[in-house]
Amino acid sequence: MATIVTDARFADAAPGTAVRHSSVLVRWTLVLIAVAFLGLMLILPLVIVFCGAFEKGWQTTVAALTHPDARAAIRLTALTVVIAVPLNIVFGIAAAWAITKFRLRGKSVLVTLIDLPFSVSPVIAGMVFVLLFGARGLLGPWLGEHDIRIIFAWPGIALATMFVTLPFVARELIPLMQAQGRDDEEAAISLGAGGWQTFFRVTLPSIKWGLAYGTILCTARALGEFGAVSVVSGHIRGETNTLPLHVEILYNEYQFAAAFSVAGLLVSIALLTIIAKSIVEWRMHRSVRRDMDGGPAAQATLDRVGSGR
Amino acid sequence: MRFARSGRRSVIPGFRLTMGFSVLYMSLLVLIPLSTLGLWAGRLSWQELWTTFSASRTLAAYRLSLGGALIAAGVNAVFGLLIAWVLVRYRFPGRRILDTLVDLPFALPTAVAGISLTAIYAPTGILGGLLDKAGIQAAYSPLGIIIAMAFVSLPFVIRTTQPVLQDIDREVEEAAATLGANRLQAFVRVILPAILPAVLTGFAMAFARAVGEYGSVVFISGNMPGRTEIVPLLIMTRLEEYNYPGATAVALVLLVLSFMMLLAINLLQAWARRSAPV
Amino acid sequence: MSIEVANVTKRFGDFAALKEVSLRVNAGELVALLGPSGSGKTTLLRVIAGLEAPDAGSVLFEGEDATTRHVRQRRVGFVFQHYALFRHMTVFENVAFGLRVRPRRVRPTRAEIRSRVSELLRLVQLEGFARRYPSQLSGGQRQRVALARALAVEPKVLLLDEPFGALDAKVRQELRRWLRRLHEEIHVTSVFVTHDQDEALEVADRVVVMNAGCIEQVGTPEDVFQNPASAFVMNFLGTVNVFHRRVDSLTPEIDAVEIQCPDELPAGSRPARIFVRPHNLEINTHATGKPSLRGRVQFINAAGPQVKVEVLTEFGEVLQVETSQERYQALNITKGSEVYVTPKEMRVFFDDGRPNSA
């Protein structure tokens with residue numbers, strides 16, 4: 001095996017290795033513990049899913065994925081993503097703009113409120129919509145009279161998904177736009193640009209990687225949300241089952257190979273998600289580095305990010 | 001609540017539009033639905049609340065959820081700190097892949113994690129079988145629940161600690177060395193105090209996530225009332241019985257706990273910012 | 001304690017930070033390592049401290065080889081450029097750190113630590129600040145805390161990396177004089193790194209001028225300023241006018257103008273650079289008979305003890321001339337005036353590297 005070089009930024013005969021050097025024994029022990037823990041907790045579950053998916057041969061796998069119920073679940077999941085993600089992107093941009101581009105009291109309250117859906121249990125997230133729109137909920141009777149179905153139908157699923165994925169884009173953009181400040185926009189406007197021009201030509205290019213990052217995370221969660229959706233779905237096969245719910249039904253019916261096949265599809269998407277996320281992260285760092293070479297203003301931006309102001 | 005702009009008018013347009021949309025969207029989607037829960041809670045009598053919370057089933061569920069989440073977050077705090085250290089300080093083959101994989105629990109649907117962990121830790125599974133021989137029941141027991149909770153909350157401590165560890169000034173560690181401190185003293189007295197706020201923030205986030213977790217836990221827990229039934233599942237059961245007041249009563253405490261955790265995380269983050277390396 | 005650095009080489013990847021550097025610092029001396037960034041001065045300081053391990057060569061403390069000794073055991077006090085104060089500790093805790101981490105059998109008692117720390121805080125004039133945090137101090141105060149912290153372990157050597165680099169001009173001036181006085185008081189062997197020639201010349205007993213990983217010259221401030229050993233040293237210490245010429249036999253020629261030159265000049269014509277400091281250029285409004293360069297005044301800055309005059313010569317070279325206020329009044333020159341500039345003292349360095357003194 002190759003040797004371990006101490007310290008991330010100063011690897012390979014860089015200054016400062018004399019002091020930050022830990023003993024070889026300590027290094028290898030720590031690395032082995034880390035690898036063992038992550039292997040057990042993360043890699044083993046992945047392997048098990050794929051093993052389960054192909055246990056009965058690939059024909060079963062394909063059959064499970066092309067079953068009409070599975071196809072319906074894929075369609076509903078896609079519909080949910082198509083509704084929830086764009087709306088949350090618009091919200092994220094609007095909220096970040098309102099919070100970071102203006103002097104504003106109560107800023108931190110708003111930022112905290114945006115984080116709220118993350119700290120609420122998904123079951124409660126689904127439940128509040130049942131309490132509001134369910135048959136015995138507040139608006140239930142009125143909705144019943146007008147024959148509008150929200151709970152146990154796709155609108156409820158979309159609402160619950162929007163609730164749990166609401167913060168993703170906003171919480172990525174707020175710190176980023178906060179760090180970038182207002183100077184660029186003020187410069188653009190002083191040069192005669194309008195509001196939309198300023199946004200599309202000045203702001204958007206500088207936040208695109210942050211936006212991509214938030215969108216990826218938002219999409220992944222929208223695809224995979226289980227708890228909140230489970231509460232409002234009603235589990236009607238071929239109608240109100242998203243992919244994760246479909247996995248649950250198959251599993252509870254002891255159709256393990258089919259359940260793991262659909263799970264395998266979701267795992268593949270998850271792996272693509274984290275790969276895309278790493279790429280975006282890398283691009284983001286690179287663009288920050290490039291800005292840094294850009295001069296003192298960019299350096300000041302980094303300093304401000306660093307000190308968290 | 002009023003979010004008034006202070007000082008002079010900004011030259012940047014769009015305040016009304018963006019603030020209006022944000023507040024409206026958030027109200028419709030989050031605030032109004034959550035207040036519905038408050039409305040239902042307001043209708044509860046003290047008698048109903050008392051019945052709910054004196055019931056041994058409710059108490060057992062809360063004990064299990066809180067205790068399990070605490071242990072899971074604790075395990076993740078210890079291993080998260082260690083993994084963050086290894087990922088930041090050491091170079092070894094496969095480091096990048098490991099670093100990327102850490103985010104998996106955020107990207108993987110919880111139901112998938114649930115069935116996979118169950119397959120591993122059930123008595124027929126590869127690890128479950130080994131543990132079974134040793135007389136330890138993993139799946140369908142509190143241990144299984146803790147494993148699932150630890151899985152979903154695994155990235156938090158690592159991701160909050162990594163950047164702080166990365167930013168620790170090389171000079172500060174060198175200063176400790178020139179003053180005669182050994183590696184352990186430098187870690188305990190200089191590095192640990194600097195990253196502690198970040199570790200605690202990650203711990204609180206992991207705890208908040210684990211307490212509310214549903215998808216990954218229901219498969220592995222076995223869902224026996226009073227023994228392996230977590231709070232979110234109890235809420236779910238009450239909802240399926242159309243017992244909305246019962247569900248509301250159980251959910252109320254969990255929601256209040258979430259608010260408290262949110263507040264705690266905010267305070268911790270403010271502290272972390274203050275003590276971040278210069 | 002004396003320090004000896006012998007043939008030390010240090011590379012970072014492809015970059016050679018130090019090339020076979022040798023240096024001796026006597027006990028009790030205050031030495032400045034002076035040079036531009038990238039000259040290797042900080043690396044040399046870090047090698048002495050044990051923060052970097054040299055690729056070749058050795059470091060001796062008091063004649064004893066300390067090359068492999070860990071930084072913890074070297075008993076050096078190191079003051080970092082950005083102070084590296086522990087920000088979660090108070091000033092008191094920062095200063096006490098080195099005493100607190102000692103092994104139990106040599107650790108002072110609480111009372112001893114307390115008295116030692118307050119003594120040091122008195123020394124650095126920060127008595128009332130023991131309970132403050134570093135973030136509540138000014139730059140100059142942080143600097144002095146860093147110094148007190150380094151002195152707390154009773155170092156045999158005090159090493160300072162750009163000690164005044166991050167401070168504003170006025171505070172720098174004060175701290176320089178203060179460091180000088182402090183050194184006279186405690187007399188510990190001290191080495192500091194700086195890129196500021198005024199700082200080095202004003203504070204140090206001896207100055208080590210470094211360039212591109214090598215030592216160019218070692219000497220007293222007066223010595224290196226008056227008798228620079230190389231073109232680099234001449235250039236680095238203060239403003240200087242440079243003439244690129246071929247210097248011929250005994251009489252180097254500055255374009256068409258014959259200028260009297262030192263007699264030690266070797267025979268034969270070689271490309272050389274002729275250096276003249278601004279105060280060594282005499283300015284006249286008419287030809288004096290002495291060899292001189294004709295030019296026009298381009299710019300005058302009379303705000304200061306010396307008047308700075310910029311002259312564009314007939315050969316298109318821009319000269320920096322410094323003259324006294326009295327002389328400037330007497331000359332009565334303005335922008336555009338025709339003037340004659342006569343070098344009073346100059347220094348010739350041949351491009352092949354062999355120096356020549358005036």
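Residues numbered from 1 in each chain as written. Chains lettered and ligands numbered in written order. Predicted model: local features only at pLDDT ≥ 70, side-chain atom pairs only at ≥ 80, totals over all residues. Heavy atoms only, no water.

Draft legend 1. Examining the overall build of chain C more closely. Looking only at helices and strands, one finds nine helices and 21 strands in chain C. Seen through its C-alpha atoms, chain C measures out along the principal axes to roughly 80 × 45 × 35 Å. Accessible surface, chain C: about 16300 Å² in total, of which carbon and sulfur atoms supply 47%. Each charge class in chain C was averaged separately, 47 positive and 44 negative side chains, and the resulting centres sit 11 Å apart. (Helix = DSSP H or I, 4+ residues; strand = E, 2+ residues; numbered from the N terminus. Areas by Shrake-Rupley, 256 points an atom, 1.4 Å probe, with all protein chains shown as cover. Lys, Arg positive; Asp, Glu negative; His and termini not counted. Charge placed at Lys NZ, Arg CZ, Asp CG, Glu CD.)

Draft legend 2. Geometry of the sheet that holds strand 16 (residues 293-301) of chain C. Residue and element names in this part refer to chain C. Strand order in the open sheet made by the five strands is 15-19-16-17-18, with antiparallel pairing throughout. In this open sheet, the two edge strands, each paired with only one partner strand, are strand 15 (281-284) and strand 18 (318-324). Here the average twist between neighbouring strands, direction ignored, is 45 degrees. Note that strand 17 (residues 306-313) and strand 18 share seven bridges and pair antiparallel. Residue lysine 308 lies in a different strand from strand 18, and its bridge partner there is glutamate 322. (Pairing = 2+ DSSP bridges. Axes fitted to C-alpha atoms, helices over the stretch in contact; angles between N-to-C directions.)

Draft legend 3. Molecular detail of unusual backbone geometry. Phi at A:Tyr254 takes a positive value of approximately 60 degrees, unusual for a residue other than glycine. Here A:Tyr254 lies in the loop between helix 13 (243-252) and helix 14 (256-293). Here B:Asn223, not a glycine, exhibits a phi torsion of approximately 55 degrees, which is positive. You can see B:Asn223 is positioned in the loop between helix 12 (215-221) and helix 13 (231-240). Its relative accessible area of 29% is what places B:Asn223 among the partly exposed residues. (Buried < 20%, exposed > 50% of the residue type's maximum accessible area, 1.4 Å probe, protein only.)

Draft legend 4. Inspection of the pattern of salt bridges at higher detail. All names here are of chain B. With the rule as written, the count across this model stands at 31 salt bridges over all chains. The shortest N-O distance in the salt bridge between arginine 183 and glutamate 173 comes to 3.5 Å. Residue arginine 183 is located in helix 11 (residues 183-212), and its partner glutamate 173 is located in helix 10 (residues 170-178); the two are separated by ten residues in the primary sequence. Residue classification places arginine 183 among the partly exposed positions, given a relative accessible area of 24%. (Salt bridge = Lys/Arg side-chain N within 4 Å of Asp/Glu carboxyl O.)

Draft legend 5. How the structure looks around the nonpolar core. Judged by nonpolar contacts, the single largest core of 181 residues is most densely connected at A:Ile114, B:Tyr121 and B:Ile235. It is helix 3 (residues 56-89) of chain B that provides the largest number of residues to this core, a total of 15 residues. Both domains that meet at this core, namely domain 1 (1-41) and domain 2 (46-275) of chain B, each give it at least three residues. Sequence-distant contacts of A:Ile114, defined by excluding residues within four places in its chain, comprise A:Phe91, A:Ala95, A:Ile99, A:Leu166, A:Pro167, A:Ala170, A:Ile174 and B:Met26. (Core = buried A, V, L, I, M, F, W, Y, C linked by side-chain atoms within 4.5 Å. Domains from an automatic or database assignment. Contact = heavy atoms within 4.5 Å.)

Draft legend 6. Local environment of the interface of chain B and chain C. Counting residues at the interface gives 22 residues for chain B, matched by 24 residues for chain C. Overall, the association of chain B and chain C removes approximately 2000 Å² of surface from exposure, summing both partners, and the carbon and sulfur fraction of that is 62%. Interface area lost by chain B to chain C is led by B:Glu171, B:Thr178 and B:Leu179, which between them contribute 35%. Seen at the junction of chain B and chain C, the total is one salt bridge. In this structure, B:Glu174 and C:Arg46 form a salt bridge, with 2.5 Å as the shortest nitrogen-oxygen distance. On inspection of chain B and its partner chain C, the count reaches four residue pairs in polar contact (both at pLDDT 80 or more). Where the side of chain B that touches chain C is concerned, the elements lending two or more residues are helix 10 and helix 11 of chain B. Examining the composition of the side of chain B that touches chain C, we find that eight residues originate from one element, helix 10 of chain B, more than from any other. Split into classes, the residues belonging to the side of chain B that touches chain C amount to eleven nonpolar, five polar and six charged. (Buried area = accessible area lost by both parts, 1.4 Å probe. Polar contact = N/O pair within 3.5 Å; in protein donor to acceptor, adjacent residues only side chain to side chain. Nonpolar A, V, L, I, M, F, W, Y, C, P; charged D, E, K, R; others polar.)

Draft legend 7. Main features of the interface of chain A and chain B. Between chain A and chain B, the contact holds 106 residues from the first and 97 residues from the second. Roughly 9400 Å² is buried in total at the junction of chain A and chain B, and carbon and sulfur atoms are behind 77% of that figure. Per-element accounting of the side of chain A that touches chain B gives the leading share, 18 residues, to helix 2 (residues 24-53) of chain A. Across the side of chain A that touches chain B, the residue classes break down as 72 nonpolar, 20 polar and 14 charged.

Draft legend 8. Here's a closer look at helix 6 (residues 122-133) of chain A. Residues and elements named next belong to chain A. Taking 1.5 Å as the rise per residue, helix 6 with twelve residues should run 16 Å; its terminal C-alpha atoms sit 17 Å apart, in good agreement. Of all twelve residues in helix 6, twelve are buried, a share of seventy percent or more. Those residues of helix 6 that sit buried are Pro122, Val123, Ile124, Ala125, Gly126, Met127, Val128, Phe129, Val130, Leu131, Leu132 and Phe133. (Expected span 1.5 Å × (residues − 1).)

Draft legend 9. Region of interest: the domain arrangement of chain B. Residue and element names in this part refer to chain B. Along its sequence, chain B is organised into domain 1 (1-41) and domain 2 (46-275). Each of domain 1 and domain 2 has a C-alpha centre, and the two are 32 Å apart. Taken together, the contact between domain 1 and domain 2 spans four residues of the former and six residues of the latter. Around 490 Å² of area is buried between domain 1 and domain 2 when both sides are counted, 94% of it from carbon and sulfur atoms. Of all residues in domain 1, the largest losses of buried area upon contact with domain 2 belong to Leu37, Trp40 and Ala41, amounting jointly to 83% of the total for that side. At the junction of domain 1 and domain 2, the tally comes to zero salt bridges. On inspection of domain 1 and its partner domain 2, the count reaches zero residue pairs in polar contact (both at pLDDT 80 or more). Partitioning the side of domain 1 that touches domain 2 into residue classes produces four nonpolar, no polar and no charged.

Draft legend 10. Spotlight on the environment of C:Arg149. As for its position among the elements, C:Arg149 is in helix 4 (residues 139-152). For C:Arg149, a relative accessible area of 2% puts it in the buried group. Put simply, C:Arg149 and C:Asp205 are 56 residues apart on the chain and 24 Å apart in space, counted from C-alpha to C-alpha. Look past the residues within four positions of C:Arg149 in its chain and what remains in contact with it is B:Ala175, B:Leu179, C:Tyr83, C:Ala84, C:Leu85, C:Phe86, C:Asn94 and C:Val95.

Draft legend 11. Highlighting the sheet that holds strand 7 (residues 157-161) of chain C. Residues and elements named next belong to chain C. Ordered by their spatial adjacency, six strands build an open sheet running 6-7-8-3-9-10, and the pairing between neighbours is mixed. Strand pairing shows two members of the sheet lacking a second neighbour, strand 6 (76-79) and strand 10 (214-219), which therefore form its edges. Neighbour to neighbour, the strand axes of the sheet diverge by 15 degrees on average, direction disregarded. Here four bridges tie strand 3 (residues 30-34) to strand 9 (residues 206-211), and the two strands are oriented parallel to one another. By the bridge assignment for strand 9, leucine 34 is matched with valine 209.

Draft legend 12. Structural detail: the confidence of the model for chain C. Averaged over chain C, the pLDDT score is 86; the fraction of residues at 70 or greater is 91%. Interface confidence for the predicted complex, given as ipTM, is 0.89, next to a pTM of 0.84. (pLDDT = per-residue confidence, 0-100.)

Draft legend 13. The arrangement of the packing of aromatic side chains in detail. All names here are of chain A. Overall, the coordinates contain 23 aromatic pairs over all chains when judged by the stated rule. Ring geometry for phenylalanine 129 against phenylalanine 133: centres 6.4 Å apart, planes inclined by 10 degrees, an arrangement best described as stacked. Of the two residues, phenylalanine 129 and phenylalanine 133 are both situated in helix 6; the distance of four residues between them amounts to about one turn of the helix. Both residues of the pair, phenylalanine 129 and phenylalanine 133, count as buried. (Phe/Tyr/Trp six-rings, centres within 6.5 Å; stacked < 30°, edge-to-face > 60°.)

Draft legend 14. Inspection of the side chain of B:Glu229 at higher detail. Residues and elements named next belong to chain B. Structurally, glutamate 229 can be placed in the loop between helix 12 and helix 13. Residue glutamate 229 is classed as buried on the basis of its relative accessible area, which comes to 3%. A distance of 2.6 Å separates a polar atom in the side chain of glutamate 229 from a polar atom in the side chain of arginine 57.

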